[in-house]
Amino acid sequence: MKTPDDWRRVRRLTVSERRLLRRHGRAVLSVAALHVLLTLLLWWLGVLQLAPVPLVTVVVGLLVPGLVYLGLIELGLTAEWREPSLSMPAALILLVAFLITGFGLDEARISALMLFFPLLLLVSFRLGAGGLLALALLASVGYLLMLALAWRYHGLRLSPTLEALQWLVFTLVSVSFAVTGSGVNGLRRRLAVKNQALADALEQVRDLAIRDDLTGLFNRRHILQVLEHQKGLADGGIYPFSVCYVDLDYFKAINDAFGHGWGDRVLRDFADFALADLRGGDYLARLGGEEFIMVLPQSNLEGAELAAERLRQGWGQRDFRAQNGPPKVSLSAGVACYRPGESIDQLIARADHALYLAKSRGRDRVCREET
Ligand SMILES: Nc1nc2c(ncn2[C@@H]2O[C@H](COP(=O)(O)OP(=O)(O)OP(=O)(O)O)[C@@H](O)[C@H]2O)c(=O)[nH]1
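An unreviewed UniProt entry annotates the chain as diguanylate cyclase originating from Alloalcanivorax marinus. In its Cofactor (unreviewed entry) section, the UniProt record describing the chain reads: "Mg(2+)". In its Catalytic activity (unreviewed entry) section, UniProt records this for the chain: "2 GTP = 3',3'-c-di-GMP + 2 diphosphate".

Moving on to the overall build of the chain. Helix and strand content of the chain: 12 helices and five strands. Buried positions account for 32% of the 371 residues belonging to the chain. Put simply, 72% of the contacts in the chain that link residues at least 6 apart link residues at least 24 apart.

Quick look at the environment of D207 now. In this fold, D207 is placed in helix α7 (residues 160–210). We classify D207 as exposed; it has 10 C-beta atoms within 10 Å. Considered as a pair, D207 and F218 are 11 residues apart in the sequence and their alpha carbons are 9.1 Å apart.

In this section: the nonpolar core. In summary, soluble globular proteins display a tendency toward joint burial of nonpolar side chains. Of all hydrophobic cores here, the largest spans 43 residues; its most connected members are C244, I293, M294 and A333. With six residues, the single largest contributor to this core is strand β1 (residues 241–248). Here A333 is in contact with C244, Y245, V246, A308, R312, L355, A358 and V366, once residues within four sequence places are set aside. Counting residues in each nonpolar core, the second largest holds 38 residues, with L94, L95, F98 and A150 among its members.

Right, let's get into the site of the ligand. The local shell around the ligand holds 17 residues, among which D249, F251, K252, G263 and G289 are the closest. For the shell around the ligand, the secondary-structure elements that each account for two or more residues are β1, α9 (251–258) and α10 (260–277). When the residues that make up the shell around the ligand are grouped by side-chain class, the tally is six nonpolar, four polar and seven charged.

Attention shifts here to the packing of helix α1 (residues 15–44) against helix α5 (residues 116–123). In helix packing, the relevant descriptors are the interaxial angle and the interaxial distance, both defined with respect to the helix axes. Packing of α1 against α5 leaves a shortest axis separation of 10 Å and a crossing angle of 170°. For the element pair α1 / α5, the angle class is roughly antiparallel. Each of A27, V28 and V31 in α1 lies in contact with α5, whose residues at this interface are P118, L119 and L122.

Rules and cut-offs
- Residues numbered from 1 in each chain as written.
- Predicted model: local features only at pLDDT ≥ 70, side-chain atom pairs only at ≥ 80, totals over all residues.
- UniProt positions renumbered as here; feature names shortened; annotations may be inferred.
- Helix = DSSP H or I, 4+ residues; strand = E, 2+ residues; numbered from the N terminus.
- Buried ≥ 20, exposed ≤ 12 C-beta atoms within 10 Å, placed from the backbone.
- Contact = placed C-beta atoms within 7 Å.
- Core = buried A, V, L, I, M, F, W, Y, C linked by C-beta atoms within 7 Å.
- Near = placed C-beta within 6 Å.
- Nonpolar A, V, L, I, M, F, W, Y, C, P; charged D, E, K, R; others polar.
- Axes fitted to C-alpha atoms, helices over the stretch in contact; angles between N-to-C directions.
- Parallel < 35°, antiparallel > 145°, perpendicular 65-115°, else oblique.

Dropping the structure here:
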């Protein structure tokens, strides 16, 4: 048995899915409205022989749930349900109404059931093959039951052979509508899966374009865009930002002594370590080789120096000897704070110069730009 949670959808509907859902709901409702009009017309023409109770049942039984249905769909209250269009219950209510009207007709009986075909096509956008076929067979059985009741209560004016023939045609057409509808629906679903795969692939391509292969960090191209954006904010007086140019020390020696594989491993490990060490809004990119840059929004020189120093000390504790790798790999860093009006190249050059100072003063240290 399904719990309320089972009826909840795994993901939220997108705006266009909600729009589609509303359009579908209105279409189902217009079938109901058409049937009410048809029933009233047949009754007014004297073709429909229904007692007041079943007549009112058809009209009210379609109008009241119809309005509730409209409200639920229009207000998006079903949006998180497993089947937000409520296609099956709506189709079942309509089918019962068709059958009641059919019960009150004689020669024109089949006309009351004609709207069942467009209804089947409509719900085929929402129901699977099994649901559609079940609906078609249910309608066929319902039709038989309705015939039996009509025979029992007021007799059949058409010959039983003609009635049986009409029933047979109705069943065959219903089943073929259900099969065609589910085929179209299958195509639609496959298309949706392909579209999703395409969207995922596009997302991956976008990701590849902005990320470094080895470490998964942002690449040079993307961090330059980030820097231009930060420059725009800083020039607009929103907040300052700083950069920190980081270079692992004696990295060539690691490659030479432990092999390129270990070199790569150290680079990846550094990327993970530094990312975990940064604040939520900071950025980290690999500029190439063993060079990295941190972009620290809302940080002045002192703040950036603190962040770089914390990273240097933390990273300095890492030791790979237990895995037969290199001992500690230190880093040198140069920090610079953006000066409004300067170019990003000028900012990076100042941070690079501070890094040069750190290297030339013995490495394993953080230096700030020289004023
Ligand atoms: N394993 C690995 N090594 C790389 C990668 N990119 C660059 N390198 C190596 O990193 C080393 C950088 O060496 P150098 O520029 O001399 O710098 P260093 O040895 O770190 O010396 P200092 O920076 O002066 O402390 C070179 O040997 C490059 O081949 C990479 O993706 N993977």
